[in-house]
Amino acid sequence: MSSKRYSMTKNAGMLALFAFGCTLLVVIVNYFTAPRIEEQVAKQLLRSTNEVLSQKLASKDYQQRCYQETNQQFLGSDKAQTIRLISVDGQVKAFVYQTTAPDGYSGAIRLLVGVNEDGSVSGVRVVQHNETPGLGDKVETRKSDWIYQFDQQKLLEEKDPRWAVKKDGGQFDAFTGATITPRAVVKAVKNVLIYHSNNQQILRQSAVDC
């Protein structure tokens, strides 16, 4: 074998070994960090519960029951999502849905959606996302007040045309230069309300202590 061919073969082998090493490193890092990320998301979900309830209800000593639901069509994920029933003196006063907008600009957006006893939205919060800083991240309350548009909104019917961004003929503002993220969140919240209207009684009957 010529020295040139030997050198090329050696370099190719070193590149392959380097690529394997990088891939292995990514797998190892993900293995150790993924559980920590999920733990932080879980903590954020709990912290955000009061934020999606009405102020009056959030100030009370309420009780919670939980229902685990896997419904990719309306809750956006093939993983189980937690639905919390918020009660005072044994009476259900609100529901808090864990849901996912799977079609964000940079991937899935995980949300909490509060629903009042009358079916109106009590609040929405983003608990995890990968949207573009300065554009899509305006879904966060620390970046803008956009998310407050949902407060007290109702869904009149499944095809309620108001539940879309203004660019699509609806009532919700988008961001300048970023429509995909708001569109995904509006759709996700709307889907929660559709699910809620069709399954409220099942939730009341089947929820268990958290």
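What comes next concerns the included structure. Given the structure is predicted, the values throughout are model-derived calculations rather than measurements.

What follows covers the overall build of the protein. A count of helices and strands for the protein gives four helices and six strands. When the helices and strands of the protein are placed in sequence order, the string is α-α-β-α-β-β-β-β-α-β. Sorting the 210 residues of the protein into buried and exposed places 42% on the buried side. Taking the contacts inside the protein whose residues are at least 6 apart along the sequence as the reference set, 50% of them involve residues at least 24 apart. Here the protein displays about 12,300 Å² of accessible surface, and carbon together with sulfur accounts for 53% of that area.

Before going further, it helps to examine the side chain of glutamine 200. Positionally, glutamine 200 belongs in helix H4 (residues 180-206). Residue class for glutamine 200 comes out buried when judged on its relative accessible area of 18%. When residues no more than four places from it in sequence are discounted, the contact partners of glutamine 200 are Phe95 and Glu117.

Turning next to the sheet that holds strand S4 (residues 107-116). A sheet is described by the order of its strands in space; here six strands give the open sequence S5-S4-S3-S2-S1-S6, paired in antiparallel fashion. Strand pairing shows two members of the sheet lacking a second neighbour, strand S5 (121-128) and strand S6 (208-209), which therefore form its edges. The pairing of strand S1 (residues 63-69) with strand S2 (residues 81-88) spans seven bridges and is antiparallel. Bridging from a neighbouring strand, glutamine 64 pairs with isoleucine 86 of S2.

Strand direction decides the pairing type here: S1 and S6, joined by two bridges, are antiparallel. Along S6, the bridge assignment pairs arginine 65 with aspartate 209.

The next point concerns the environment of tryptophan 163. Note on placement: tryptophan 163 falls in the loop between S5 and H4. Looking at tryptophan 163, the relative accessible area reads 5%, which means it is buried. Excluding residues that lie within four positions of it along the chain, tryptophan 163 makes contacts with Val121, Phe150, Gln153, Lys154, Leu155, Phe172, Val186, Val189, Lys190 and Leu193. At 2.9 Å, the side chain of tryptophan 163 forms a polar contact with the backbone oxygen of lysine 154.

Each value, and the rule that gives it
- Residues numbered from 1 in each chain as written.
- Predicted model: local features only at pLDDT ≥ 70, side-chain atom pairs only at ≥ 80, totals over all residues.
- Heavy atoms only, no water.
- Helix = DSSP H or I, 4+ residues; strand = E, 2+ residues; numbered from the N terminus.
- Buried < 20%, exposed > 50% of the residue type's maximum accessible area, 1.4 Å probe, protein only.
- Contact = heavy atoms within 4.5 Å.
- Areas by Shrake-Rupley, 256 points an atom, 1.4 Å probe, with all protein chains shown as cover.
- Pairing = 2+ DSSP bridges.
- Polar contact = N/O pair within 3.5 Å; in protein donor to acceptor, adjacent residues only side chain to side chain.

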